[in-house]
Amino acid sequence: MINQEVKDQAIALCQKLVQQQSYSGHEDGVAKVLEETYKANGFDSVHIDKFGNIIGCIKGKRPGKKILFDGHMDTVPVTNEKEWIYPPFAAEIHDGKIYGRGTTDMKGAIAAYTTAAIAFAKDTNKDFAGEIYVDGVVHEECFEGVGSRSISAYVKPDIVVIGEASQCNLKVGQRGRAEIVVETFGKPCHSANPEKGINAVYKMARVIEAIRTIVPPEHPILGKGILELVDVKSAPYPGASVVPEYCRATYDRRLLVGETKESVLAPIVALMDKLMAEDPELKVKVSYAVGKEKCYTGETIEGERFFPGWLFDKDAEFVQAVKKELNERGYNPEITQYNFCTNGSHYAGEAGIQTFGLGPSRENLAHTVSEYVEVDSLAKVTDCYYGVLKALMK
């Protein structure tokens, strides 16, 4: 078990990270704290890529696997500080809890695995097999996995540990998600003479009803591949005295393992083709939403909003090796799946890298008012991360 000094280091680093406001695109303060921490603790290399992702590396004295601990530096905004019990960027400790935006999602985990890596390297005098990588990722709250692509290209990890909240349980999969955009195109005219135009919203109404007949697939472990309408917009807006010429509907689609960009759109496209054959005035386009965000480095990061699902077998060797070590350290983690999307969509879903999740705190504390992480949970997960290194760096 790690000692009190290491636990205190994890707590202190968590507080430092939370005290740096880091909304998406403004993660530079957190990156600076991590860079200083890496350099002060003998990391063999520190790399900041063009998007602002930061990666620290500790090399063992013997060859072995590359293990990457992954966590995002950005947080969702605080909409009203007055609603918070304690200041959202003060990282105050009250009743055994560190309060602040990002404590659960997910600066607590970043602090914990960084501290665990430092302690493990110190205790072993770097006499271990392999290389330890810890990172801080940008723009995860905007699109999961896109920022991680350049990290895996740089590190080429053998195993990835996602630090998202799991109450110290092991997560071996998740549904992915996609944002599907359906557009209808009409013909504008004065609303006093609607017969002279084509109302794109009326056309969309028929399209929406048709899409409701599509039944997405199900998976015995991950559950339903949901297809849900989340917004509808028309143009021009406001549309006083004008028949709308354009309408856009956005769907949230939860993705299961094995689904591809093509296979997910196929039933929608086929249905739209059928509708257009029946109605010569109907013009529909189906595509994925594209995200484009500015990074604190000045670079632009972008990608289609398609983030694959992934799932590994509970009995996979790397999962069982970690579970065995955690059991020996006095923990009894469940092996389950995340209910939300993570950077694992890239590492496991796109790149096929062995991946599992392990983090402090509870999933339902993310993005909440008066967000917190329990000090005890932070200490436990730091010890668990140490155990992961012990299990895998042989």
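Note that residues are indexed from 1 along each chain, following the sequence as it is written. Given that the model is predicted, a residue must reach a pLDDT of at least 70 before its local features are reported, and side-chain atom pairs must reach 80 or more before they are shown or counted; all residues, however, enter totals for whole chains, interfaces and linings. Only hydrogens and water are removed before side-chain values are computed, so all heavy atoms of the structure are retained for them.

(A) Spotlight on the pairing of strand S2 (residues 54–59). We call a residue buried when its accessible area falls under 20% of the maximum for its residue type, exposed when it is over 50%, and partly exposed in between, using a 1.4 Å probe and counting protein chains only. Labels follow the DSSP assignment, with helices taken as runs of H or I lasting at least four residues and strands as runs of E lasting at least two, numbered in each case from the N terminus. Most of S2 is tucked away: five of the six residues are buried. Any two strands with at least two DSSP-identified bridges between them are counted as paired. Across four bridges, the pairing between strand S1 (residues 45–48) and S2 is antiparallel. Opposite Ile48, over in S2, you have Ile54 as the bridge partner. Linking S1 back to S2 in an antiparallel pair, the connection comprises five residues, with Gly52 at a positive phi of about 100°. Sheet topology note: the S2/strand S6 (residues 129–136) ladder contains six bridges and is antiparallel. Of the residues in S6, the one forming a bridge with Cys57 is Tyr133.

(B) Quick look at helix H9 (residues 375–392). For a helix, the expected span equals 1.5 Å multiplied by the residue count minus one. Taking 1.5 Å per residue as the helical rise, H9 with its 18 residues ought to reach 26 Å, and the 26 Å between its terminal C-alpha atoms agrees with that figure. Of all 18 residues in H9, 15 are buried, a share of seventy percent or more.

(C) Spotlight on unusual backbone geometry. Between Asp105 and Met106 the backbone carries a cis peptide bond, its omega angle lying at -10°. Relative to the assigned elements, Met106 resides in helix H3 (residues 103–124). Each neighbour pair has its own omega, and for Ala235 with Pro236 the value is 0°, a cis peptide bond. For Pro236, the position within the fold is in the loop between strand S12 (227–235) and strand S13 (246–255). One non-glycine residue, His139, lies in positive phi territory at about 55°. By the element assignment, His139 lies in the loop between S6 and helix H4 (148–155).

(D) Broad picture of helix H6 (residues 261–278). Look at H6: 26 Å from first C-alpha to last across 18 residues, which is about the 26 Å you get at 1.5 Å a residue. Along its length, H6 shows its largest kink, about 30°, at Pro267. Inspection of H6 places Val264, Leu265, Ile268, Leu271, Met272 and Leu275 among the buried residues, and these make up the whole buried set. The criterion used for residue contact is that any of the two residues' heavy atoms lie within 4.5 Å. Residues of H6 that are buried in the fold lie against strand S9 (176–185), helix H5 (200–211), S12, S13, strand S14 (284–288) and strand S17 (306–307). We define the bend at each residue as the angle formed by axes fitted to the 7 residues ending at it and the 7 residues starting at it.

(E) Spotlight on the packing of aromatic side chains. For Phe, Tyr and Trp, where Trp contributes only its six-membered ring, two rings pair if their centres lie within 6.5 Å, and the inter-plane angle classes them as stacked under 30 degrees, edge-to-face over 60, or tilted in between. Evaluated as defined, the whole model comprises 15 aromatic pairs. Pairing Phe69 with Tyr385 gives two aromatic rings, centres 5.6 Å apart and planes at 85°, and the pair type is edge-to-face. Within this pair, whereas Phe69 is found in strand S3 (residues 62–70), its partner Tyr385 is found in helix H9, the two being separated by 316 residues in sequence. The buried category is assigned to Phe69, whose relative accessible area is 1%.

(F) The nonpolar core, seen in detail. Take the buried residues of types Ala, Val, Leu, Ile, Met, Phe, Trp, Tyr and Cys, join any two whose side-chain atoms come within 4.5 Å, and each joined set is a nonpolar core. Core analysis: the largest hydrophobic core is formed by 70 residues, its most contacted members being Phe69, Ile132, Phe356, Leu358 and Tyr385. The element contributing the most residues to this core is H3, with twelve residues. Every residue in contact with Tyr385, bar those within four places of it in the chain, is listed here: Phe69, Ala109, Ala112, Tyr113, Ala116, Val161, Gly163, Leu358, Gly359 and Pro360.

(G) Focus on the pattern of salt bridges. The term salt bridge refers to a side-chain nitrogen of Lys or Arg lying within 4 Å of a carboxyl oxygen of Asp or Glu. Overall, the coordinates contain 22 salt bridges when judged by the stated rule. Taking the shortest distance from any N to any O, the salt bridge between Arg254 and Asp252 comes out at 2.9 Å. Assigned by exposure class, Arg254 and Asp252 land together as buried. Residues participating in the shared-partner salt-bridge network are Lys203, Arg206, Lys274, Glu278, Asp279 and Glu281.

(H) Spatial organisation of the state of the cysteines. Here, two cysteine sulfur atoms that lie within 2.5 Å of each other are counted as a disulfide. Inspection of every chain in the model, using the stated rule, returns zero disulfides. Here Cys189 stays free of any disulfide, with the sulfur of Cys247 as its closest cysteine sulfur at 16 Å. Residue Cys189 is classed as buried on the basis of its relative accessible area, which comes to 15%. Cys384 forms no disulfide, and the closest cysteine sulfur to it belongs to Cys168, at a distance of 4.4 Å.

(I) Examining the sheet that holds strand S4 (residues 93–94) more closely. Across the sheet, which stays open at both edges, the three strands sit in the order S4-S5-S21 with antiparallel pairing between neighbours. Two strands bound the open sheet, and with one partner strand each, they are S4 and strand S21 (372–374). Where strand S5 (residues 97–99) meets S21, three bridges bridge the pair, whose relative direction is antiparallel. Its bridge partner lying in S21, Tyr99 is registered against Tyr372.

(J) Geometry of the environment of Glu281. Examined against the element boundaries, Glu281 turns out to sit in the loop between H6 and S14. Taking the C-alpha atoms as reference points, Glu281 and Thr75, separated by 206 residues in sequence, lie 45 Å from one another.

(K) Broad picture of the packing of helix H7 (residues 317–328) against H9. Lines fitted to the C-alpha atoms define the axes, with helices restricted to the stretch that makes contact. Angles between their N-to-C directions range from 0 to 180 degrees. Contact pair H7 / H9: the axes reach a minimum separation of 9 Å and the direction vectors enclose 125°. On the basis of their axis angle, the class for H7 and H9 is oblique. Relative to H9, the crossing made by H7 is right-handed. Taking contact as the criterion, the partners of Phe318, Ala321, Val322, Glu325 and Leu326 in H7 are, on H9, Cys384, Gly387, Val388, Lys390, Ala391 and Leu392. Residue composition of the contact of H7 with H9, by class: eight nonpolar, one polar and two charged. Here roughly perpendicular refers to angles of 65 to 115 degrees, roughly parallel to angles under 35, roughly antiparallel to angles over 145, and oblique to all remaining angles. The handedness criterion is simple: a crossing whose near helix is rotated anticlockwise from the far helix by less than a right angle is left-handed, and one whose near helix is rotated clockwise is right-handed. Ten residue types, Ala, Val, Leu, Ile, Met, Phe, Trp, Tyr, Cys and Pro, are classed as nonpolar, four, Asp, Glu, Lys and Arg, as charged, and the remainder, Gly among them, as polar.

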